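Structural overview
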Amino acid sequence: MSTIPEHPARRVRSFVRRAGRTTAGQQRALAQLWPKWGLEEPPDPLDLDQVFARSAPRTLEIGFGDGDVLVAMASAAPQHDFVGVEVHEPGVGHCLLGLEQAGVTNVRLIRHDAMEVLQHWLPADSLDRVNLFFPDPWPKKRHHKRRIVQPVFLGFVAKALKTGGLLHLATDWAPYAEHMEETLAASADFSRENRGPQDRPETKFQRRGERLGHEIRDLYYRRK
Ligand SMILES: C[S@@+](CC[C@H](N)C(=O)[O-])C[C@H]1O[C@@H](n2cnc3c(N)ncnc32)[C@H](O)[C@@H]1O
């Protein structure tokens, strides 16, 4: 009889596969547009200069959702390169449609767990900025372990960021903001930076939080 356990122990993930319907337009985008903007898992860490065929400042957006903010930021900063990571298929499809409409060339998408992307896909010291906007808050105590902001995640982010690179987090969930502040204060790799008003477009989940009367918090940290 096989000794392989039926359900081998798996690392806790920050997402669950949501059913969410992928529209016909998104399906077409995934089939036709993915080759232009999508990146497949590389055998070795990516050579981003080769991927973008240039050397430029680079931003990673983790969990871009529908991608509207990624498309807006990339359109507004053609001299920067952007890499977006998302696991939710309809979101990736929506983002591809946005990229096609905007006609931007400075974006690449990765449809994979950001933890693994940070750990294996991206070279050390390769990013100028990491954006994490409205990550799933996992409000129930027994789910707190699913929150993506954890010491091991921050270790991977620190490795991928250049010295002096910026980590920008936003949330509408006050207990998650506190958790972010505590986890980052305990990290030797980051120092807090106070900034003025938010310098990013509104996101879909931000609007949802605002409708619920939640306060929006933006937090900034520099890689030491
Ligand atoms: C609450 S939504 C926020 C989406 C978007 N940033 C916004 O503000 O509208 C969080 C997103 O993060 C994605 N996500 C969660 N964990 C992830 C991971 N480990 N890797 C990639 N994407 C992840 C989810 O699929 C989801 O779309």
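Below: a short report on this structure. (Residues numbered from 1 in each chain as written. Predicted model: local features only at pLDDT ≥ 70, side-chain atom pairs only at ≥ 80, totals over all residues. Heavy atoms only, no water.)

Helix and strand content of the protein: nine helices and eight strands. A compact globule built from 224 residues would reach a C-alpha radius of gyration of about 17 Å, and the protein, at 18 Å, matches this within 12%. In terms of principal-axis extent, the alpha carbons of the protein reach across some 60 × 40 × 40 Å. Counting every position in the protein, which comprises 224 residues, the buried fraction comes to 48%. Intrachain contacts of the protein at a sequence separation of at least 6 include 81% that bridge at least 24 residues. Put simply, the protein shows about 11,900 Å² of open surface, and 52% of that area lies on carbon and sulfur atoms. Mean positive and mean negative side-chain charge positions of the protein (32 and 29 charges, respectively) differ by 4 Å. (Helix = DSSP H or I, 4+ residues; strand = E, 2+ residues; numbered from the N terminus. Rg over C-alpha atoms; globule rule 2.2 N^0.38 Å. Buried < 20%, exposed > 50% of the residue type's maximum accessible area, 1.4 Å probe, protein only. Contact = heavy atoms within 4.5 Å. Areas by Shrake-Rupley, 256 points an atom, 1.4 Å probe, with all protein chains shown as cover. Lys, Arg positive; Asp, Glu negative; His and termini not counted. Charge placed at Lys NZ, Arg CZ, Asp CG, Glu CD.)

Another aspect to go through is the pattern of salt bridges. According to the stated counting rule, one finds 19 salt bridges in the structure shown. When the shortest N-O distance is used, the salt bridge between Asp 113 and Arg 13 registers 2.7 Å. Remark: Arg 13 occurs in the segment before helix H1 (24–32) and Asp 113 occurs in the loop between strand E4 (107–110) and helix H6 (114–121); sequence separation between them is 100 residues. Take Asp 113: its relative accessible area is 6%, and that puts it in the buried class. Glu 181 is paired through a salt bridge with Arg 217; the nearest N and O atoms lie 2.9 Å apart. Taken together, the residues span a long stretch of sequence, with Glu 181 in helix H8 (residues 174–185) and Arg 217 in strand E8 (residues 217–223) at a distance of 36 residues. Residue class for Glu 181 comes out partly exposed when judged on its relative accessible area of 22%. (Salt bridge = Lys/Arg side-chain N within 4 Å of Asp/Glu carboxyl O.)

The eight strands are arranged E1-E4-E3-E2-E5-E6-E8-E7 in an open sheet whose pairing can be described as mixed. The open sheet has two edge strands, strand E1 (38–39) and strand E7 (190–193), and neither has a second partner. The sheet contacts of H6 involve E1, strand E2 (58–62), strand E3 (81–85) and E4, and relative to E2 the element is tilted by about 150°. (Pairing = 2+ DSSP bridges. Axes fitted to C-alpha atoms, helices over the stretch in contact; angles between N-to-C directions.)

Okay, H6 next. Inspection of H6 places Ala 114, Met 115, Val 117, Leu 118 and Trp 121 among the buried residues, and these make up the whole buried set. Summarising the contacts, the buried residues of H6 are in contact with E1, E2, E3, E4 and helix H7 (151–160). With a side-chain oxygen lying 2.9 Å from the backbone nitrogen of Met 115, the N-terminal cap of H6 falls on Asp 113. (Polar contact = N/O pair within 3.5 Å; in protein donor to acceptor, adjacent residues only side chain to side chain.)

A cluster of basic residues, Arg 18, Lys 204, Arg 208 and Arg 211, forms a positive patch on the protein surface. Assignment of secondary structure puts Arg 208 in helix H9 (residues 204–211). (Patch = residues over 30% accessible without salt bridge, like charges linked within 9 Å, V, L, I, M, F, W, Y side chains within 5 Å.)

The next thing to look at is the side chain of Arg 129. In this fold, Arg 129 is placed in strand E5 (residues 127–133). Engagement of the side chain of Arg 129 in a polar contact is seen with the side chain of Asn 131, the distance being 3.3 Å. Once residues lying within four places of it in the same chain are set aside, the contact partners of Arg 129 are Arg 58, Thr 59, Leu 60, Leu 161, Leu 166, His 168, Arg 195, Asp 199 and Tyr 220.

It is worth spelling out the pairing of E5 at this point. Most of E5 sits out of view: six of its seven residues are buried. Note: E5 against strand E6 (residues 161–171), six bridges, orientation parallel. Bridge pairing in E6 links Asn 131 to His 168. In this fold, E5 hands off to H7, which returns the chain to E6; that crossover is right-handed. (Right-handed = clockwise from strand over helix to strand, strands pointing away.)

Here E4 shows no split at all, with Val 107 and Leu 109 on one side and Arg 108 and Ile 110 on the other all buried. The pairing of E1 with E4 spans two bridges and is classified as parallel. Looking at the pairing, Gly 38 lines up with Leu 109 of E4. By the bridge criterion, four bridges tie E3 to E4 in an arrangement that is parallel. Within E4, the residue paired with Phe 82 across the bridge is Val 107. A crossover links E3 with its parallel partner E4, the connecting element being helix H5 (residues 89–102), and its sense is right-handed.

These results come straight from atomic positions and should not be treated as a statement about function.
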